[in-house]
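Chains, contacts and geometry: an overview
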Amino acid sequence: MIWEYDEALNLGRVKLVSDDGECVHVEFLNGNTAVFLSRDSADFSPGDVVLIAENTLESASEEKWPREKAWIGVVKLLISNEVVVEIGSGLHIMPVPEDLALRVGNTVEGTGQDNIVRVISDRPIRYIDQPDVDASTIASFKENRNAEHSFEDFAGSVNIVIRAKELIETPLKFHEELKQIGARPIKGVLFTGEPGTGKTLLARIIASRADATFYQISGPQIMNKWLGQSEELIRKIFEDAARQEKAIVFFDEIDSLATQRSDESHEASRRIVGQLLAAMDGFNRDDNVIVIATTNRPQDIDIALRRPGRFDWEIHFPLPNVGDREAILIRTQPPGVVGGLSHAVVAEQTEGWSPAELSAIWSEAALLAVADTRNNIHNEDYIGGFEQVAKQRVRKLMERKMQERGES
Ligand SMILES: Nc1ncnc2c1ncn2[C@@H]1O[C@H](COP(=O)(O)OP(=O)(O)O)[C@@H](O)[C@H]1O
Ligand SMILES: [Mg+2]
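Because the structure is predicted, anything quoted here is derived from the model rather than measured. (Residues numbered from 1 in each chain as written. Chains lettered and ligands numbered in written order. Predicted model: local features only at pLDDT ≥ 70, side-chain atom pairs only at ≥ 80, totals over all residues.)

1. Here we look at the overall build of the protein
Along the backbone of the protein there are twelve helices and 15 strands. Taking 22 Å as the expected radius of gyration for a compact globule of 408 residues, we find that the protein reaches 31 Å, considerably beyond that expectation. Projected onto its principal axes, the C-alpha coordinates of the protein cover approximately 100 × 60 × 40 Å. Taking all 408 residues of the protein together, 27% fall into the buried category. Contacts in the protein between residues far apart in sequence, at least 24 positions, make up 66% of those at least 6 positions apart. (Helix = DSSP H or I, 4+ residues; strand = E, 2+ residues; numbered from the N terminus. Rg over C-alpha atoms; globule rule 2.2 N^0.38 Å. Buried ≥ 20, exposed ≤ 12 C-beta atoms within 10 Å, placed from the backbone. Contact = placed C-beta atoms within 7 Å.)

Right, here's the structure in full:
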């Protein structure tokens, strides 16, 4: 049998050389140790990197030894001879090195599990390319009100629009009156429904029509860009909102926080959700703020969000029925269509389609029209577009089915 020869496995470091120079103790990379008899041990001294080839020791260069992965963290807490260091967004406890004076807030470099090597800075490190959370940062989360959208853009279910106005516009407008009545204020409204059912669209419409300051935060954006300062950011946005006469804080795709799988981001998302809850619990009766959050996966979001005084209210965005589908097709059609179009037929054929899928028909139809060197959409393009999206849908559905089967 031939053993595969892996140099890395045969690399060691001399720990000890016996007084008579006969025995050399070597520690291997994997932590195992072995003693070698050496006729000429004078060549070796503790710390040397050696290579074991056919049971004899050879000198090897220091470069061969793999560099230990360094980490950078911030000192959070000192307890006599131990220290809590935040690395990434996890906390680790480790011994205080004898030769270092650590203070809370120091940024330190370390190697291995718990070996702090040096202090890099007196101050906590900031994640790069993350500016301070200042007034201009908060301003960048405020949606500029424009007349870009109107409630008419939301086609299909009128009930959703009516309910949204009831739960969001009315309480903001009649804040004082509702306070006098003593009604429990509406703080949070959750928009639920499958992807592409218009949750973000309706929030955008509300943003451009509502007579309130509107802050938009998206879950993925927080996870990518603001991880290090997310708590500070959320706290400041809510403080700013509370100072306004009326405000809406919109948290898009909140499930992206609750469904993070890896440990580190899971810890971070837990803290972000915690900060959001603290902010909502911290409203006082004079604050006129309503939080809207959207999710494609209501079953995945933290149940703490659903407790009384938080997201008590829910608007569900169902898949459209045939009448709604026709209304959506008509509402989303671009200006460049000519002739009579078979809206009713397409609406019949699109059971189970989301509004986003329906509106995608128009993009495909436009491509077919320009491919045919026309600058308007005919019925044949419309039908062709429908067929294109139908094909893509089937492919996606099959992929999802296979994934689900693979998971279970
Ligand atoms: N009720 C609707 N009426 C018209 N178009 C819609 C409607 N709902 C969704 N759409 C179209 O689908 C796109 C995606 O919808 P979006 O609001 O992003 O879905 P969600 O946030 O629920 O995943 C919108 O930009 C819009 O073009
Ligand atoms: Mg959305």
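Read on, since the account is not over.
2. Focus on the domain arrangement of the protein
According to the domain assignment, the protein consists of domain 1 (7–64), domain 2 (70–121), domain 3 (135–317) and domain 4 (322–407). The C-alpha centroid of domain 4 is placed 31 Å from the C-alpha centroid of domain 3. Looking at the side of domain 3 that touches domain 4, its residues break down into two nonpolar, five polar and one charged. (Domains from an automatic or database assignment. Nonpolar A, V, L, I, M, F, W, Y, C, P; charged D, E, K, R; others polar.)

3. A look at the site of ligand 1
If you check the shell around ligand 1, you find 18 residues, and the closest are G198, K199, T200, L201 and P355. Listing elements by their share of the shell around ligand 1, those giving two or more residues are helix 4 (199–209), helix 9 (322–332) and helix 11 (355–371). Residues belonging to the shell around ligand 1 are distributed by class as follows: seven nonpolar, nine polar and two charged. Two domains each put at least three residues into the shell around ligand 1: domain 3 (135–317) and domain 4 (322–407). (Near = placed C-beta within 6 Å.)

4. Points about the pairing of strand 7 (residues 82–87)
Relative to strand 7, strand 6 (residues 70–79) runs antiparallel, the two sharing five bridges. Bridge pairing in strand 7 places V74 opposite E86. Between strand 6 and the antiparallel strand that follows it, strand 7, lie two residues; S80 among them carries a positive phi value of about 35 degrees. In terms of strand pairing, strand 7 meets strand 8 (residues 90–95) through six bridges, oriented antiparallel. Each residue of the ladder has a partner; that of I87, found in strand 8, is G90. Linkage of strand 7 to strand 8, two consecutive antiparallel strands, is achieved through a turn of two residues, within which G88 is found at a positive phi near 65 degrees. (Pairing = 2+ DSSP bridges.)

5. Here we look at the sheet that holds strand 1 (residues 11–17)
Ordered in space as 3-2-1-4-5, the five strands form an open sheet in which the pairing is antiparallel. Strands with a single pairing partner mark the edges of an open sheet, and in this sheet they are strand 3 (33–37) and strand 5 (56–59). With direction set aside, neighbouring strand axes in the sheet form an average angle of 45 degrees. Where strand 1 and strand 2 (residues 23–28) come together, five bridges link them in antiparallel fashion. The residue bridging L16 from the neighbouring strand is H25, located in strand 2. (Axes fitted to C-alpha atoms, helices over the stretch in contact; angles between N-to-C directions.)

6. Considering the pairing of strand 1
In terms of strand pairing, strand 1 meets strand 4 (residues 49–53) through three bridges, oriented antiparallel. Each residue of the ladder has a partner; that of G12, found in strand 4, is V50. Between the antiparallel neighbours strand 1 and strand 2 lie five residues, among them G21 with a positive phi of about 80 degrees.

7. Here we look at helix 11
It helps to recall that an α-helix has 3.6 residues per turn; residues three or four apart then point in one direction. Between its terminal C-alpha atoms helix 11 stretches 25 Å, which fits the 24 Å expected from 17 residues at 1.5 Å a residue. For helix 11, every residue scored as buried is listed here: P355, E357, L358, S359, A360, I361, W362, E364, A365 and A369. Positive phi shows up at T373, right after helix 11, with a value of about 50 degrees. (Expected span 1.5 Å × (residues − 1).)

8. A few points about the environment of H25
Topologically, H25 is positioned in strand 2. With 16 C-beta atoms counted inside 10 Å, the residue H25 sits in the partly exposed group. Here the alpha-carbon distance between H25 and R13, two residues twelve residues apart in the chain, equals 8.5 Å. Apart from the residues within four sequence positions on either side, H25 is in contact with K15, L16, T33 and V35.

9. A closer look at the nonpolar core
I206, I248, V249, F250 and I292 are the most contacted members of the largest nonpolar core, which has 62 residues in total. It is helix 11 that contributes the most residues to this core, six residues altogether. Looking at which domains feed residues into this core, each of domain 3 (135–317) and domain 4 (322–407) gives three or more. Every residue in contact with F250, bar those within four places of it in the chain, is listed here: A203, A207, F214, Y215, Q216, I217 and I292. (Core = buried A, V, L, I, M, F, W, Y, C linked by C-beta atoms within 7 Å.)

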